[in-house]
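Structural description and commentary
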Amino acid sequence: PNPEAWAEEAKKARNVVAHGGKSGDDIRLQHAITQVVRAVVIINLLHQLNIPTSRLKSALTENQTLRSARRLAAEFWPLAADGTDEHNGDVVDDV
């Protein structure tokens, strides 16, 4: 998935809601943003608890919540065909 594109969409959605607007018509997009935010928080909390990186990576495929968020992120914010983040050109290490 493309983390920069996801972060931009999450920021836009947050700004709309925070400033009294409607969150948008695309409920699947809103669901994807919410699920990926949830997964990012979970992974960061586990990282702060010093869970090994190898275990965090395996959790992304073994845990249903994290696996679903990973699938949604790849669907809504895919990487460029060459494996780079289209936003800034960085090569992204796929888990």
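As shown above, the structure is provided for reference.
Right, let's walk through the structure included here. (Residues numbered from 1 in each chain as written. Predicted model: local features only at pLDDT ≥ 70, side-chain atom pairs only at ≥ 80, totals over all residues. Heavy atoms only, no water.)

Quick look at the pattern of salt bridges
- In the structure shown here, the tally under the stated rule is 5 salt bridges.
- The closest approach of N and O atoms between Glu 75 and Arg 71, which form a salt bridge, is 3.8 Å. Linking Glu 75 with Arg 71, this pair stays in helix 4 (residues 64-76), spanning 4 residues, or about one helical turn.
- Here the salt bridges share partners, and the residues they tie into one network are Arg 28, Arg 71 and Glu 75. (Salt bridge = Lys/Arg side-chain N within 4 Å of Asp/Glu carboxyl O. Helix = DSSP H or I, 4+ residues; strand = E, 2+ residues; numbered from the N terminus.)

Some remarks on the nonpolar core
- With 15 residues, the main nonpolar core has Trp 6, Ile 33, Val 36, Leu 66 and Trp 77 as its most contacted residues.
- Mapped onto this core, the elements with two or more residues apiece are helix 1 (3-18), helix 2 (27-48), helix 3 (53-62) and helix 4.
- Sorting elements by how many residues they give to this core places helix 2 first, with 5 residues. (Core = buried A, V, L, I, M, F, W, Y, C linked by side-chain atoms within 4.5 Å. Buried < 20%, exposed > 50% of the residue type's maximum accessible area, 1.4 Å probe, protein only.)

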